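# Report on the structure
For reference, the chains in residue letters:
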Amino acid sequence: MLGRVCHSLLPVSSPPLFLPSIPSCRFLGQSNVSGLRNSLFSRASRSWNCRMAGSNASFSVRASAQQLKNADELIDSVETFIFDCDGVIWKGDSLIDGVPETLDMLRAKGKRLVFVTNNSTKSRKQYGKKFETLGLSVNEEEIFASSFAAAAYLQSIDFPKDKKVYVIGEDGILKELELAGFQYLGGPADGDKKIELKPGFLMEHDENVGAVVVGFDRYFNYYKIQYGTLCIRENPGCLFIATNRDAVTHLTDAQEWAGGGSMVGAIRGSTQREPLVVGKPSTFMMDYLAKKFGILKSQICMVGDRLDTDILFGQNGGCKTLLVLSGVTSLSMLQSPDNAIQPDFYTSKIADFLSLKTTTV
């Protein structure tokens, strides 16, 4: 049975100057104390990578990211490509140049393609329709959204079907919970609810709520903060699950917008509880799809535009990593002395797979 995870916020800002102590917690998937120690240490130092084996530690220098110059070599070295969506495949509702041709080429070479997104506003089926609208042929089984991950996690721990899930999020989470057979309340339906603060007012909440799932929510309000807080603080054993902690997201291709991490942060602040994170960079989705498809993680390349989610997700899972500069992360951010997370390779966009052909070394 898959366990739980304790996951701290992974900022893109300056890393701390010390190695934090590791809290006592259980982990999602196959993560363990050594994996968390690696993640924490990569934040504390840009130069060192700590790999733990039992009680013995060895240290090696983590090299800076290399610019991708030989795409064929990378393609031939792996069996599966995991792509983030927003900032890699599309930006807002606009397809990034060269994506269809790149995906067709990889499929022609026999590569398995998987699409993993932290955006929880849509279900897998809804994301399938978005791919179709953009002219891309992607099977629903190839899509792993954090909305699906929340439901899959509850299934993995045998969450009681007689318990309810309070949702701070949008329709995607509700649809995935429904498909998994879980009872839920909240979501967009609570978007218009307000609290009239009168003297002596006591807000009631459902004592049968056993989990609060928090994702990106454009209908976020004070009612949801208080309701979720009451469930987490007053219902014995109530879980606090976050689909992701992304600081920003792309609602349009014109600018960055506040991400799901802002909603999660509000609930964390009011409850003083750390969430169980099921989206990137937690390894839950990586473990899930590796088991589902029988994929060796060493034969996977994670392709994303975010350092603290996509690239760390790949590194935590033991995969090769490729950063594309078509989304959130710029070259200056990657090369900043304050950045502790270095992918194996970086390039401007995934269409570079088509132009960066084998060269004589």
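Just so it is clear, the model here is predicted, and its values are computed rather than measured.

## Looking at the sheet that holds strand S7 (residues 112-117)
To summarise the sheet geometry, strands pair through backbone hydrogen bonds and adopt either a parallel or an antiparallel arrangement. If you trace the seven strands from one edge of the open sheet to the other, you get S3-S18-S17-S16-S4-S7-S8, paired in parallel fashion. At either end of the open sheet lies a strand with only one pairing partner, and these are strand S3 (66-67) and strand S8 (143-145). Examined bridge by bridge, strand S4 (residues 80-83) and strand S16 (residues 300-304) share four bridges and lie parallel to one another. Each bridged residue has a counterpart across the sheet, and for Thr-80 the counterpart in S16 is Ile-300. Packed on one face of the sheet, helix H3 (residues 99-108) meets S4 and S7 and runs near 135° to S7. Running over the sheet, helix H5 (residues 146-156) touches S7 and S8 and is turned about 80° from S8.

## A short note on the UniProt feature "binding site: substrate" (unreviewed entry) in the protein chain
As recorded in UniProt, the sites labelled "binding site: substrate" (unreviewed entry) are Lys-280. Tracing the backbone shows Lys-280 in the loop between strand S15 (276-277) and helix H9 (284-293). When near neighbours in sequence (up to four residues on either side) are disregarded, Lys-280 contacts Asp-84, Val-116, Thr-117, Asn-118, Met-285, Met-302, Thr-309, Asp-310 and Phe-313. Within the structure, Lys-280 has its side chain in polar contact with the side chain of Asp-84 (distance 2.8 Å).

## Focus: the side chain of Thr-121
Along the chain, the position of Thr-121 falls in the loop between S7 and helix H4 (124-133). Only 2.7 Å separates the side chain of Thr-121 from the side chain of Asn-119, close enough to count as a polar contact. Leave out the neighbours within four places in its chain, and Thr-121 touches Gln-126, Tyr-127, Glu-170, Asp-171, Gly-172, Phe-216 and Arg-218.

## Quick look at the nonpolar core
Core analysis: the largest hydrophobic core is formed by 35 residues, its most contacted members being Ile-82, Leu-154, Phe-159, Val-165, Leu-177, Leu-239 and Ile-241. Broken down by element, this core gets its largest block of residues, seven residues, from H5. The next biggest cluster of nonpolar side chains, apart from the first, holds 31 residues, and it includes Ile-75, Val-88, Phe-115 and Leu-134.

## Things to note about the pairing of strand S12 (residues 239-242)
Of the two faces of S12, the one holding Leu-239 and Ile-241 and the one holding Phe-240 and Ala-242 are both buried throughout. Inspection of the sheet shows strand S11 (residues 209-214) paired to S12 by four bridges, in the parallel sense. Bridging from a neighbouring strand, Val-214 pairs with Ala-242 of S12. Taken together, S11, helix H7 (residues 222-234) and S12 constitute a β-α-β crossover, and its handedness is right-handed. Note: S12 against S15, two bridges, orientation parallel.

## A short note on the UniProt feature "active site" (unreviewed entry) in the protein chain
Those places that UniProt annotates as "active site" (unreviewed entry) correspond, in this numbering, to Asp-84 and Asp-86. When the annotated set is filtered for residues lining the largest cavity, what remains is Asp-84 and Asp-86. If you trace the backbone, Asp-84 turns up in the loop between S4 and strand S5 (90-91). According to the relative accessible area criterion, Asp-84 is buried, its value standing at 4%. With sequence-adjacent residues up to four places away left out, Asp-84 is seen in contact with Ile-89, Val-116, Thr-117, Lys-280, Met-302, Val-303, Gly-304, Asp-305 and Asp-310. Within the fold, Asp-86 resides in the loop between S4 and S5. In this view, Asp-86 contacts Lys-91, Gly-92, Thr-249, His-250 and Asp-305; residues no more than four positions away in its chain are not counted.

## Focus: helix H8 (residues 260-271)
Given a rise of 1.5 Å per residue, 12 residues ought to cover 16 Å, and the 17 Å separating the end C-alpha atoms of H8 matches this to within 8%. Looking at H8, one finds that the buried residues are Gly-260, Gly-261, Met-263, Val-264, Ile-267 and Thr-271. Buried residues of H8, seen end-on, are gathered within an arc of 160° and therefore sit on one face of the element. On the buried face of H8, the contacting elements are strand S9 (164-168), S11, H7 and S12. Immediately downstream of H8, the backbone of Gln-272 shows phi near 55°, a positive value.

## Some thoughts on a nonpolar patch on the surface
Judged by side-chain polarity, Leu-197, Phe-201 and Tyr-222 come together as a nonpolar surface patch covering roughly 370 Å² of accessible area. Summarising the element assignment, Phe-201 is placed in the loop between strand S10 (183-186) and S11.

Conventions adopted
- Chains are numbered independently. Their residues run from 1 in the order of the written sequence.
- pLDDT decides what is reported in this predicted model: residues at 70 or higher carry local features, side-chain atom pairs at 80 or more are listed and counted, and totals for whole chains, interfaces and linings draw on all residues regardless.
- Each side-chain value is worked out from all heavy atoms of the structure, with water and hydrogens disregarded.
- In this description, strands pair whenever DSSP reports at least two bridges between them.
- Numbering of helices and strands runs from the N terminus; a helix is a DSSP stretch of H or I covering at least four residues, while a strand is a stretch of E covering at least two.
- Here a residue-residue contact requires only that any non-hydrogen atoms of the pair lie within 4.5 Å.
- A fitted line through C-alpha atoms serves as each axis, taken over the contacting stretch for helices, and the angle formed by two N-to-C directions is quoted from 0 to 180°.
- UniProt positions are given in the numbering used here, feature names are shortened, and annotations may be inferred rather than shown by experiment.
- The definition of a polar contact used here is a pair of N or O atoms within 3.5 Å, where within protein one atom must be able to donate a hydrogen and the other to accept one, and adjacent residues in sequence count solely through side-chain atom pairs.
- Residues belong to a common nonpolar core when they are buried Ala, Val, Leu, Ile, Met, Phe, Trp, Tyr or Cys residues joined through side-chain atoms within 4.5 Å.
- For every residue, the accessible area (1.4 Å probe, protein chains only) is compared with the maximum for its type, and the residue is labelled buried under 20%, exposed over 50%, or partly exposed between those bounds.
- Note on handedness: a crossover is taken as right-handed if, strands pointing away from the viewer, the path from the first strand over the helix to the second is clockwise.
- Site definitions follow a grid-based scheme: protein atoms alone, a 1 Å grid, a 1.4 Å probe that fits but cannot get out for cavities, and for pockets an open set with protein on both sides within 12 Å along at least five of seven lines, plus lining residues having an atom within 4 Å of a point.
- Here a helix's expected span is defined as the number of its residues, less one, multiplied by 1.5 Å.
- Each C-beta atom gives one direction from the helix axis, and the arc is the one those directions make.
- Here the term patch refers to residues with relative accessible area over 30% and no salt bridge, with like charges joined within 9 Å and nonpolar side chains (Val, Leu, Ile, Met, Phe, Trp, Tyr) within 5 Å.
- All accessibility values rest on the Shrake-Rupley procedure with a 1.4 Å probe; residue burial counts only the protein chains present in the view.
- Basic side-chain nitrogens of Lys or Arg form a salt bridge, by our definition, when they fall within 4 Å of a carboxyl oxygen of Asp or Glu.

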